[in-house]
Amino acid sequence: MKKVLIASVTLACTLSSLQNVSLADEASSLPAAASTSISTPATNNTGTTTSLVNNNEGKENALASKENKPESKSVENYDDACTDIVTTTREENNVSLKARMEASNGTDSELNKEKTKSPYNKAHDHTNPDYEKFYGAGDMEFNYWTNKSAKQENIRVNFATDYKIDDAKLEVGLPYEDLNTLITNGKLKISNASKWLTERYYRNESGYDTIDPNVIPDYVIEANKIIFDLGKLEARTGGSLQFHRTFDTNEEFNNAIKDTKATAEMKGKWNFDNLVLPGNSTVYKYKINETKESNIDENDYKSRQKVYYNEDGTPTKNGYIVGEDISIVKQGKDGACDIITVEKKINDKVNLNASAKIDTRLKDYSNNGYTERIINPNNHSITTETEKKAAEKLSGPGNLEVHHWQDGSNESTKQQHWRFVFATDYAIQNGKITVKLPYELKDNYTIEDTTNWLVNRYYPAVTGKKFYSDLNLVNKDTYKSKIQIDGDNLTIDVGDIPARTALSFTVHKKFATPQDFSNDIKEARINVSGNWRLDEKYIKLPTTKIMHDIKCGTCELPNIPTPNRPVPNKPEEPKNPEPNKPEEPKNPEPNKPVEPKNPEPNKPVEPKSPVPSKPVPNKYVPGKPQVTYKKTKVSENSLPDTNSSIWSLGAGGALSLALGFVLSRKKKQDK
């Protein structure tokens, strides 16, 4: 379901700031590469933001933050107002991972009539062609078995999620009545098998965390449903809950297992922190009076990287570059206005970057010298004011940075060390890692896999939790062995990268003799590319579409009256003229009056059926305006149409008066 909101008020912005407009007001936009001005979480809430720009504010813009707005194009500084009507459409943000089971006579043949399977769970047999039709952003399926001697029927629900879910609730529909009484009397018991799920069923191959395996989550009962409150589920978290129904007699047991049906569904809200969602779009439809300069440049709409300035004044850029497609289409004219549409749509391209310099002149140089990086609370401590300011500028959908140190000073460097650190909070397809070193790797170098150190020591030390899994273990691969070296370039074709995984390797370069790098400070770079795994077949995203209808100046063509056709000074002569000779009438009888028939002189003719004089009311009284009332459906808390029309006329009149005053003033100035 879509939520649509149209701004009901049109506000003015200056034409001079027209091309300062930022298009990165997509929902879920974050302090990353996008030049964000309207930041809206990816939820099912709706809303719009409109602002009034004062001409005296100069560089400030109603729709773009001063810090991240695109550079201004040169536009003539007219005072004509622009109106902007904003329409925002948001997709519902609902999690729905489902399963449905049917069993007959105690057997589980073709048990799951409906289920969900994650393409990133390595415990599944992905060679099975039927699995693809069940693919989704997590797991949901049933297990079933019976124990005849114990007169017991058992239903197990296994679940897992690839992405973070807020307010997660698991709803399980069971084939029994009066669940409260059954639980109270011990005839229906619930157990937690989450540890069994990840360690045995998944064989420790998925890299999933589990919900707490030692407790039964809080739950409520509604009819034949048990609803478990799981709170917040981090990405790649799994769990398993079991339901054991014991019957008093064999007859009850045999009747019950003849036809067993159950359902399960995970509900909640997807949480896409630090990621600008593919599919988000902003459209600006301009109507600009042709007398104004209306050139629009694609570069004005591209996102700008945020920059954090360290305590020593050195800059660090945010390395998260949001993939975006920008199109500019001229669609013709509306009266005197050019119609130009600019659309900015977020695509699924992954473009993550990091770089660092080794410069021993910097204070604590191994913890400074970062020229580009990406961080967030899952991989860095963000508690102090300095850390919060850094995170505000450098946040992104994971972690990418270049740790760096060396043996010796700039003037006498014996060995340099570059540790490339990468973690992603979201799944990536076609992943590729590219490293650019400051020198070719021909000899005297080693490459060390440092992923275990990263996920088991570094991240827990700085965040207090173990959040990421080792990509080598999850994908059952050894990526160090896949590194390709070409001069000063290193590449790794990783392929699929599951959410919440990490990888790290370190290049150690030793020099035969100490090197003087004081005038040649070395820098190394890393880039991660690919596609975010967020396609519609896999997950339904809570995307947002924003439409701006902008009108600058009047689109009405000038109303120039058409002059009357000129009359020539020389009169047109009639055909066959007979000057000075009057036309003689036929059968003239001069000086003889024509007598009327039956005349009655001096006697008035009386009218037939005379009507006495009676006043008739006027339908229109001069000097008093007519008022026509139309049938108007007035809803509660709404104004009659007459008031709305009067307000609109007043606003238009005010705009016309203001425009006339400005133009007359400009003419005087031009003289």
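Residues numbered from 1 in each chain as written. Predicted model: local features only at pLDDT ≥ 70, side-chain atom pairs only at ≥ 80, totals over all residues. Heavy atoms only, no water.

*Asks:* Explain the sheet that holds strand β11 (residues 219–222) here, please?
*Replies:* By definition, the strands of a sheet pair up through backbone hydrogen bonds, in either a parallel or an antiparallel sense. In space, the six strands of this open sheet follow the order β5-β4-β14-β8-β12-β11, with antiparallel pairing throughout. Pairing within the sheet leaves two strands with one partner each, and these edge strands are β5 (112–114) and β11. On average, adjacent strands in this sheet sit at an angle of 20° to one another, irrespective of strand direction. In this structure, β11 lies alongside strand β12 (residues 225–233), joined through four bridges in antiparallel fashion. The partner of Tyr-219 across the bridge, within β12, is Phe-228. (Pairing = 2+ DSSP bridges. Helix = DSSP H or I, 4+ residues; strand = E, 2+ residues; numbered from the N terminus. Axes fitted to C-alpha atoms, helices over the stretch in contact; angles between N-to-C directions.)

*Asks:* Help me understand the nonpolar core in this model?
*Replies:* Grouped burial of nonpolar side chains is what soluble globular proteins tend to show. In this structure, Tyr-163, Leu-170, Phe-243, Met-266, Phe-272, Phe-420 and Ile-433 are the most contacted members of the largest nonpolar core, which totals 90 residues. Residues within four places of Leu-170 in sequence aside, it is in contact with Met-140, Val-157, Phe-159, Ile-226, Ile-227, Phe-228, Leu-230, Leu-241, Glu-265 and Met-266. The next biggest cluster of nonpolar side chains, apart from the first, holds 11 residues, and it includes Cys-82, Tyr-301, Ile-326 and Ile-340. (Core = buried A, V, L, I, M, F, W, Y, C linked by side-chain atoms within 4.5 Å. Buried < 20%, exposed > 50% of the residue type's maximum accessible area, 1.4 Å probe, protein only. Contact = heavy atoms within 4.5 Å.)

*Asks:* Before we go on, may I ask you to explain the pairing of strand β4 (residues 95–103) in this structure?
*Replies:* Because side chains alternate across β4, one face comprises the buried residues Val-95, Leu-97, Ala-99, Met-101 and Ala-103, and the other comprises Ser-96, Lys-98, Arg-100 and Glu-102, none of which is buried. Pairing of β4 with β5, which is carried by two bridges, proceeds in the antiparallel orientation. Paired with Arg-100 across the two strands is Glu-114, which belongs to β5.

*Asks:* Please explain the pattern of salt bridges as it appears in this structure.
*Replies:* Pairs can form between side chains of opposite charge once their charged atoms are near each other. The final tally for this structure, using the stated rule, is 25 salt bridges. Between Glu-141 and Lys-117 there is a salt bridge whose closest N-O contact spans 3.0 Å. Of this pair, Glu-141 sits in strand β6 (residues 138–147) while Lys-117 sits in the loop between β5 and β6, and the two are 24 residues apart along the sequence. With a relative accessible area of 2%, Lys-117 lands in the buried category. (Salt bridge = Lys/Arg side-chain N within 4 Å of Asp/Glu carboxyl O.)

*Asks:* Before we go on, may I ask you to explain unusual backbone geometry in this structure?
*Replies:* Comment: phi is negative for the bulk of residues other than glycine, and the bulk of peptide bonds are trans. Positive phi, normally seen in glycine, also occurs at Asn-430, with a value near 55°. Its location among the elements puts Asn-430 in strand β24 (residues 428–436). Look at Asn-444: it is not a glycine, yet its phi comes out positive at around 55°. Assessed through its relative accessible area of 43%, Asn-444 is described here as partly exposed.

*Asks:* Hey, could you run me through the confidence of the model for the protein chain in this one?
*Replies:* As a general rule, the predicted coordinates of low-pLDDT regions are not to be interpreted in detail. Across the protein chain, the average pLDDT comes to 78, with 70% of residues at or above 70. Low pLDDT, under 50, characterises residues 609–671; the predicted model gives this stretch nine contacts beyond four residues in sequence or across chains. (pLDDT = per-residue confidence, 0-100.)

*Asks:* I'm lost on the sheet that holds strand β20 (residues 349–358) in this one. Help?
*Replies:* Reading across the sheet, the eight strands line up as β16-β17-β21-β20-β30-β24-β28-β27 and stay open at both edges, with mixed pairing between neighbours. In this open sheet, the two edge strands, each paired with only one partner strand, are β16 (307–309) and β27 (484–486). The mean inter-strand angle of the sheet, taken between neighbouring strand axes irrespective of direction, is 15°. Taken together, the two bridges between strand β17 (residues 315–318) and strand β21 (residues 370–373) define a ladder with parallel strand orientation. Note that in β21 the partner of Lys-317 across the bridge is Glu-372. Its contacts with the sheet place helix α4 (residues 385–394) against β16, β17 and β21, and it is angled at close to 155° to β16.

*Asks:* What's the story with α4 in this structure? I'm lost.
*Replies:* Residue pairs three or four apart in sequence face the same way in an α-helix, which turns once every 3.6 residues. Within α4 the residues assigned to the buried category are Ala-390, Ala-391, Lys-393 and Leu-394. The buried residues of α4 occupy one face: seen down the axis, they fall within an arc of 165°. α4 presents Glu-385 and Lys-389 as exposed residues on the side facing more than 90 degrees away from its buried surface. Elements in contact with the buried residues of α4: β16, β17 and β21. (Arc of directions from axis to C-beta.)

*Asks:* It is not clear to me how the packing of aromatic side chains should be interpreted in this structure. Could you clarify?
*Replies:* Aromatic rings considered in pairs are described by the distance between their centres and by the relative angle of their planes. Counting across every chain of the model gives 21 aromatic pairs. Relative to Phe-228, the ring of Tyr-219 has its centre 5.5 Å away and its plane inclined at 55°; by these criteria the two rings are tilted. Its relative accessible area of 0% is what places Phe-228 among the buried residues. Where Tyr-284 meets Tyr-286, the ring centres are 6.1 Å apart and the plane angle is 45°; that geometry is what we call tilted. The same class applies to Tyr-284 and to Tyr-286, which are both buried. Positioned above the aromatic ring of Trp-453, the side-chain terminus of Arg-419 is 3.9 Å from the ring centre. (Phe/Tyr/Trp six-rings, centres within 6.5 Å; stacked < 30°, edge-to-face > 60°. Lys NZ or Arg CZ within 6 Å of the ring centre and 35° of its normal.)

*Asks:* What's the story with the state of the cysteines in this structure? I'm lost.
*Replies:* The full count for this structure, using the stated rule, is two disulfides. Covalently, Cys-337 is tied to Cys-555 through a disulfide, its sulfur atoms 2.0 Å apart. Taking the sign of the torsion about the S-S bond as the criterion, the disulfide between Cys-337 and Cys-555, at about -95°, is left-handed. Placement of Cys-337 in strand β19 (residues 337–346) and of Cys-555 in the loop between β31 (544–552) and α7 (641–670) is noted, with a sequence separation of 218 residues between them. Grouping residues by exposure puts Cys-337 and Cys-555 together as buried. Described in terms of the sequence order of its bonded cysteines, the disulfide pattern of the protein chain is 1-3, 2-4. (Disulfide = S-S within 2.5 Å.)

*Asks:* Would you mind going over the pairing of β31 with me for this structure?
*Replies:* Within a regular strand, side chains alternate between the sheet's two faces. Only one face of β31 is covered, namely the face carrying Thr-544, Ile-546, His-548, Ile-550 and Cys-552; the face carrying Lys-545, Met-547, Asp-549 and Lys-551 is uncovered. Of the strand pairs in this sheet, strand β3 (residues 81–91) and β31 are connected by nine bridges, and their pairing is antiparallel. Counted as the bridge partner of Asp-84 is Ile-550 from β31. Of the strand pairs in this sheet, strand β15 (residues 281–289) and β31 are connected by eight bridges, and their pairing is parallel. Directly across from Tyr-286, in β31, lies its bridge partner Ile-550.

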